[in-house]
Amino acid sequence: MSIVKVDLGKRSYSIIIGYAILSQLGVHLKRLNMGTDAFIITNSFLKKKYGARLLQVLSGAGFNCHFKLIADSEKSKSMETAGVVIKELAKFDQKKKVFIIAFGGGVVGDLAGFVASVYKRGISYIQIPTTLLAQVDSAIGGKTAVDLDLGKNLVGAFYQPRLVFSDVSFLKSLDLTQIRCGMAEVIKYAVIKDQNLFRFLENGYRQVKQRNPVVLQKIVHACSRIKADIVGRDEKETLGLRSLLNFGHTIGHAIEAAGGYKGYSHGQAVGLGMLAAVDLSYKMGLVARKSVLRIENLIRLYGLPVKIKGVAVAKIIQAHYYDKKFSGRENKFILISGIGRAKVVRNIGLDLIKEALCRII
Ligand code: GLY
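Let me sum up the structure you'll find in this document. (Residues numbered from 1 in each chain as written. Predicted model: local features only at pLDDT ≥ 70, side-chain atom pairs only at ≥ 80, totals over all residues. Heavy atoms only, no water.)

## What to know about the side chain of Ser224
Quick note on the threshold: Elements are defined by DSSP. Helices are runs of H or I of four residues or more, strands are runs of E of two residues or more, and each kind is numbered from the N terminus. Relative accessibility under 20% of the residue-type maximum defines a buried residue, over 50% an exposed one, and the middle range a partly exposed one, all with a 1.4 Å probe and only protein chains included. Contact definition: two residues touch when any of their heavy atoms are within 4.5 Å.
Structurally, Ser224 can be placed in helix H9 (residues 213-233). A relative accessible area of 0% places Ser224 in the buried class. Beyond its immediate sequence surroundings of up to four residues, Ser224 is in contact with Val4, Ile15, Ile17, Gln135 and Ile140.

Here's what the structure looks like:
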C-alpha cells in the first residue's frame, strides 16, 4: 500500500493506493470523522459486484449506509439526475451527519462530487474510484461537474474530496476497452511529466494487459503523484500548470463532440488528440522526430486508434471552438518540447491545426 498526499493546507487529503485493501476503508473513514451515515452513489453493476462487501466493511466500522444507484451512462451527469439524487440524500439525512461515497468511475465521481458541493452548501465526500481512468485522473483534484445539452462539464465547482481510496483489485473487472481508455490518460502523464514512466510503459504492455497488481499499483501511484503535485500547486487551473493535464484533450474533446459522443470513447479521442498535439509540436519545431515516433508507437501499443474514421475535419475544427477553456476565439493548446516536458501555447493558426488533424485522418 502507498499513500500520496494532495497538499492543500486545511483541505489536504490522502490518496491511498493498494491491492485488495477494502477491508481497511473503515479505519480511514473513522479517522476522518465525517459523520456516521454514508450515502453511497454507485451503479447497479458495481453494487451487485461489490455492494455486499462494501456494506459489510462499512457496517462493521459502525456506519449506516444507503445506496443510491444511477445509470452507468454519461447521461447521468445531468441536472435532472443531480436533483433526484439530492432529494433522496435529503430524505436519508434526517438524524445524523451524512457524508457521500462516490463508488465508481468518472460519471459517478463527477456527479457525486457535484452533489456534495451543493447540498447544504457543501458536505464531505470521498472517492472510491473503480476504473483506471478515475484512479489516475478524475477522482483526484476536485473537479466536479454535470453536463448541459450545450456541452460537457459546463456546471460544476472545484470541490475537493476528503479521501481518494484506490484499490487496484477493482480493475480486474474492467474489460480491455476500459483499460485502454485509462491508459490514454496514463500515457498523457508520462508524455507531459515523466520520462521514467514513459519508459516503463514502453516495456510494460503485457503486464498491464494481464492486470498485474504490482504494475497497476506502480502506474496508479506514479500518476497520482503527478496529479497531486499539480493540483497542490495550481488547484483552480489559474497558473498554467493544471492546464498541462489537458494535453490531448482540446482536440480529443472536439473529436468526441464532432462524433456526437458516439464515435470515439474519451480515451480513444484523447489518444488521437495527443497525436495531433505532438504533430503540432513537431511542426512548430519544438520536438524531435524521434520523440514523435516513440509517442505514436506507445499509443498504438496500448491499442488506441491512430487514425480517425467517419468524423470530418471541418466538424472537429468547429467543435474545438466550443472548448470551455477558450476565451473568445483565442485557442490554447498543450504542446511538448520533449518526452516529459509540456507547455501551454496560445493562438495557433488554423492552417497548422488543420494540418495536424490531417495527420490523424
Ligand atoms: N482531468 C484534468 C484535471 O483534473 O485537471
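Read on, since the account is not over.
## As for the nonpolar core
Rule in force here: Nine residue types can take part in a nonpolar core, namely buried Ala, Val, Leu, Ile, Met, Phe, Trp, Tyr and Cys, and a core is a set of them joined through side-chain atoms within 4.5 Å.
If you look at the biggest cluster of nonpolar residues, it comprises 80 residues, and the most contacted ones within it are Met183, Ile187, Leu201, Phe247 and Ile255. Here this core gets ten residues from one element, more than from any other, and that element is H9. When sequence neighbours within four positions are dropped, the list of residues in contact with Ile187 reads Leu201, Met274, Leu298, Ile299, Tyr302 and Leu304. Core analysis: the second largest hydrophobic core is formed by 24 residues, Met34, Phe103, Leu163 and Phe165 among them.

## A word on empty space enclosed by the protein
Heads up, the rule is: Grid points spaced at 1 Å and placed over the protein atoms alone form the basis of the search, with a cavity being a set where a 1.4 Å probe fits but cannot get out and a pocket an open set showing protein on both sides within 12 Å along at least five of seven lines. Lining residues have an atom within 4 Å of a point. Grid points are joined across faces, edges and corners, and a volume is the space filled by probe spheres set on the points.
Applying the stated criterion to the full structure yields four cavities of 30 Å³ or more. Roughly 50 Å³ of internal volume is contained in the second largest cavity. Lining the second largest cavity are Leu176, Ile179, Arg180, Met183, Tyr205, Val208, Lys209 and Tyr302. Elements represented by at least two residues in the lining of the second largest cavity include exactly helix H6 (176-193) and helix H8 (205-209). Broken down by element, the lining of the second largest cavity gets its largest block of residues, four residues, from H6.

## Here's the deal with the environment of Val287
Checked against the element boundaries, Val287 lands in the loop between helix H11 (266-283) and helix H12 (289-301). The exposure class assigned to Val287 is buried, which follows from its relative accessible area of 6%. It is 4.8 Å that separates the C-alpha atoms of Val287 and Ser337, two residues lying 50 residues apart in sequence. Among all residues touching Val287, those that are not within four sequence positions of it are Val278, Ser281, Tyr282, Val292, Ile336, Ser337 and Gly338.

## Some thoughts on the sheet that holds strand S3 (residues 37-42)
Selection rule: Whether two strands pair comes down to DSSP finding at least two bridges between them. Simply put, an axis is a line fit to the C-alpha atoms, just over the touching stretch for a helix, and the angle between two N-to-C directions goes from 0 to 180 degrees.
The sheet built from seven strands is open, its strands ordered S1-S2-S9-S6-S5-S3-S4 with mixed pairing. The two strands at the open ends of the sheet, each matched to only one other strand, are strand S1 (2-6) and strand S4 (64-69). On average, adjacent strands in this sheet sit at an angle of 20° to one another, irrespective of strand direction. Pairing analysis gives five bridges linking S1 to strand S2 (residues 13-18), with the strands arranged antiparallel.

## Quick notes on the layout of surface pockets
Selection criterion: Ten residue types, Ala, Val, Leu, Ile, Met, Phe, Trp, Tyr, Cys and Pro, are classed as nonpolar, four, Asp, Glu, Lys and Arg, as charged, and the remainder, Gly among them, as polar.
The calculated volume of the second largest pocket comes to roughly 150 Å³. Lining the second largest pocket are Ile3, Tyr13, Ser14, Ile16, His28, Arg31, Leu32, Arg162 and Leu163. Taken together, the residues of the lining of the second largest pocket break down into five nonpolar, two polar and two charged.

## Observations regarding the pattern of salt bridges
To keep things clear, this is the line we draw: Whenever Lys or Arg places a side-chain nitrogen within 4 Å of a carboxyl oxygen from Asp or Glu, that contact is recorded as a salt bridge.
In the structure shown here, the tally under the stated rule is 17 salt bridges. Here Glu74 ties to Lys77 by a salt bridge, and the two come within 3.7 Å at their closest N and O atoms. Judged by its relative accessible area of 4%, Lys77 falls in the buried class. Here Lys283 makes a salt bridge to Asp279, at a shortest N to O gap of 2.4 Å. Note that Lys283 and Asp279 are positioned in helix H11 at a spacing of four residues, about one turn of the helix. Residue classification places Lys283 among the partly exposed positions, given a relative accessible area of 37%. Taken together, the salt bridges that share partners define one network made up of Glu74, Lys77, Asp110 and Asp147.

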